[in-house]
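Working through the structure, step by step
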Amino acid sequence: MSLLEVSDVSKTYGSGRGVVTALEDVTFSVETGSMLAILGPSGSGKTTLLSIVAGLLQPTSGRIVIDGQPIHLRSQREAALYRRDKIGIVFQDYHLIPYLSAVENLLLMPRLAGRATRAHREKALGLLEEFGIGERAKHAPWELSGGERQRVAIARALMNDPEIMLVDEPTANLDTERGTQVVAMLGEHVRGRDMTCLMVTHDVRMAEGADRVLRLVDGRVV
Amino acid sequence: MLALSEIVHSKLKFALIALAIGLVVALTMTLSAMSEGLVTGMTGAKGNLDADALVFQGDTYLNFERSLLTTEDVEQIRSAEGVAQAYGVGHVYISVDAPEESFDTHAFGLTDDFEQLPVVEGVGGMPQDGETIVDETVRSEGVEVGDTVTLTPIGRELTVIGFTESRRYVMAPVFYVNMNTYEDLRAASMFGVMAETSDAELPSATHVIDAVEGNVSVAAVKLDEGTTVEGLAAALEDDFDVVTPDEAALAGNGMPVMVLAVNGIQGVSFVIGALVIGVFFYITTLHKTGQIAAIKALGASNAFVYRQLLAQILLLVTAGALLGTGLALGAGASMPPAMAFDPRPDRWGVTLALVYLMAFVGSLFSLRSILKIDPATALDHAEH
């Protein structure tokens, strides 16, 4: 059964003659435990699609169903709770909180839901160990390399055991070798934890690391 | 937690914000204390009289200098219903030939209750004839306890036996004397110079002293429990004006206009200070737009983000309040005694409460921008 189903999703901006179509009748589904790469050039609507699945944007039309529940009709507050509890997001620019150490950045997730316990701390340290940056746990983001920051961002997205991972251009700031390592690592975790992952990328080599590839051009699936 | 972590991480930035808040607090507190000091300096000797009510001669506009009560008036007041105790307070202008330079000031004669004067140096209690207890700010004129000062041009001498505090009138230190000395000074000030310089036929000294004997400027009254100032005023009818010492302090000598002016100065400085504090936090929020968008995209509610901001404001305003209070106290301590500075815990408490309130109001502008931050911008990098 598909965990994520996107049906006939369109998104337009503006009105009248100034209308811009970002997405047009996009339809796809993703199975649990698989990784889908959304491949397309800049301006193709990849990030808009990711934002809609994250509940950050409302589609102009169409449906998004996750685990049988339509999520495109939720209020902002419901969408925020849904992201906090069910979604893990990895931003292209990482968006690590600059004044928190690596482990504290991971602990931000349970803090959003209430408070971070000792168990959360142990889990966060374990995740950093898994990503090979355990010894950098107490370092601030500015003390980490680009690759290390990316791994912290992925570990943070995994902190709340999400059902869906949304990953935006994970290799944009990395060289090819490190980018390939990060995508491979991401794939292992997605499959190992039975999650679903949508990875936006413009790099064909990175997309090859996914189970399926969805090509997006000018807002349409091709 | 996030609030504290950010403060620890950006110590210099937040220390400067706390310093700015501290300076605003210090400014408003110093102005408040100087305003209070100005009022105390102008009317402390009136407002601090140990009494529930002051009774003035009718239609003298609560003016010490114009009011005159005879012995019979004081007796009438003393025997009025609801009066527990009444004593006379006389006022006379004097000029003092001090070691530094001569200065004009005021002598208050008390018929009783010298114990009300807090003694900060020397001795208290009822002075003997020719002795005086003076407000301590007279030190700035070079006068010390034990000194004998000469009053010009009448040639009388007064020996300073003690210093009291917060007892100035029209910014000059008040000399407290007993009634014998007061009557002597009053008679001398009225006729002494004329007697020495005029060829005209003048009343004898005995006649003059007889004329002023027992006369005072106002009566200070302590009321029976349950009697109000209004009740005493009604009992005495229109011959007298009856007010509280505080009301008397704020009347006459241009006080209403002056109080309005100092309140205006305090108000303006406070509003500017509040705006500065509000703008600081607003700018801080604007600088974190990207970060807040990311946190909201991760699932933080607006309430979570606002709570962090409020916690930060609380910490910084508290630090600023402590710093500002210290600076204001330091400024006060460094001022010369003659300078008007009278810190009142209640006024400073109100100032601090208002600083917290205005910081909170300022935070509402930040809340508005927090609500407007679109979490989708965290993913937006020129891509649609």
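Residues numbered from 1 in each chain as written. Chains lettered and ligands numbered in written order. Predicted model: local features only at pLDDT ≥ 70, side-chain atom pairs only at ≥ 80, totals over all residues. Heavy atoms only, no water.

This part takes up the overall build of chain A. For chain A, the count of helices and strands is 7 helices and 10 strands. In summary, chain A has a C-alpha radius of gyration of 17 Å against a globular reference of 17 Å for 222 residues, a match within 12%. Residues counted as buried form 55% of the 222 residues belonging to chain A. Counting only contacts in chain A whose residues sit at least 6 apart along the sequence, the fraction spanning at least 24 positions is 72%. As displayed, chain A offers around 9600 Å² of accessible surface, 46% of which is attributable to carbon and sulfur atoms. Charged side chains in chain A number 26 positive and 28 negative. The centres of these two groups are separated by 6 Å. (Helix = DSSP H or I, 4+ residues; strand = E, 2+ residues; numbered from the N terminus. Rg over C-alpha atoms; globule rule 2.2 N^0.38 Å. Buried < 20%, exposed > 50% of the residue type's maximum accessible area, 1.4 Å probe, protein only. Contact = heavy atoms within 4.5 Å. Areas by Shrake-Rupley, 256 points an atom, 1.4 Å probe, with all protein chains shown as cover. Lys, Arg positive; Asp, Glu negative; His and termini not counted. Charge placed at Lys NZ, Arg CZ, Asp CG, Glu CD.)

A separate point is the domain arrangement of chain B. Residue and element names in this part refer to chain B. Domain assignment breaks chain B into domain 1 (2-43 + 256-378) and domain 2 (53-243). Placing the centre of domain 1 and that of domain 2 at their C-alpha centroids yields a distance of 46 Å. With 10 residues of domain 1 at the contact, the number on the domain 2 side is 8 residues. For the pair domain 1 and domain 2, the two sides together bury roughly 680 Å², of which 62% comes from carbon and sulfur. On the surface where domain 1 and domain 2 come into contact, there are 0 salt bridges. Classifying every residue of the side of domain 1 that touches domain 2 gives 6 nonpolar, 4 polar and no charged. (Domains from an automatic or database assignment. Buried area = accessible area lost by both parts, 1.4 Å probe. Salt bridge = Lys/Arg side-chain N within 4 Å of Asp/Glu carboxyl O. Nonpolar A, V, L, I, M, F, W, Y, C, P; charged D, E, K, R; others polar.)

We now examine the packing of helix α2 (residues 11-47) of chain B against helix α10 (residues 302-334) of chain B. Residues and elements named next belong to chain B. It is at 7 Å that the axes of α2 and α10 come closest, and there the two elements cross at 50°. With respect to their mutual orientation, α2 and α10 come out oblique. In this structure, α2 crosses over α10, and the sense of that crossing is right-handed. Note on element contacts: α10 touches α2 through Gln312, Leu316, Val317, Ala319, Gly320, Ala321, Leu323, Gly324, Thr325, Leu327, Ala328 and Ala331, opposite Phe14, Ile17, Ala18, Leu19, Ile21, Gly22, Leu23, Val25, Ala26, Met29 and Thr30. In terms of residue class, the contact of α2 with α10 is made up of 17 nonpolar, 6 polar and no charged. (Axes fitted to C-alpha atoms, helices over the stretch in contact; angles between N-to-C directions. Parallel < 35°, antiparallel > 145°, perpendicular 65-115°, else oblique. Left-handed = near helix turned anticlockwise from the far one by under 90°.)

Here the focus is the packing of aromatic side chains. Residue and element names in this part refer to chain B. Inspection of the entire model under this criterion finds 6 aromatic pairs over all chains. A centroid spacing of 5.8 Å and a plane angle of 75° characterise the contact between Phe108 and Tyr176, whose relative ring orientation is edge-to-face. Taken together, the residues Phe108 in strand β3 (residues 103-110) and Tyr176 in strand β9 (residues 172-178) connect sequence positions 68 residues apart. Residue Phe108 is classed as buried on the basis of its relative accessible area, which comes to 0%. (Phe/Tyr/Trp six-rings, centres within 6.5 Å; stacked < 30°, edge-to-face > 60°.)

Before going further, it helps to examine α2 of chain B. The end-to-end C-alpha distance of α2 of chain B, which contains 37 residues, comes to just 47 Å, noticeably less than the 54 Å that a straight helix rising 1.5 Å per residue would cover. Remark: the principal bend of α2 of chain B, roughly 55°, maps to Gly41 of chain B. (Expected span 1.5 Å × (residues − 1). Bend = angle between axes of the 7 residues up to and from the residue.)

This next bit is on the interface of chain B and chain A. Between chain B and chain A, the residue contacts involve 24 residues of the former and 34 residues of the latter. Carbon and sulfur atoms make up 66% of the surface buried where chain B meets chain A, a total of about 2600 Å² over both sides. Seen at the junction of chain B and chain A, the total is 0 salt bridges. The tally of links between chain B and chain A comes to 5 residue pairs in polar contact (both at pLDDT 80 or more). At the level of elements, α1 (2-9) and α9 (289-297) of chain B are the ones that each hand at least two residues to the side of chain B that touches chain A. Among the elements that take part in the side of chain B that touches chain A, α9 of chain B stands out by supplying 6 residues, more than any other. Considering only residue class, the side of chain B that touches chain A consists of 13 nonpolar, 7 polar and 4 charged. (Polar contact = N/O pair within 3.5 Å; in protein donor to acceptor, adjacent residues only side chain to side chain.)

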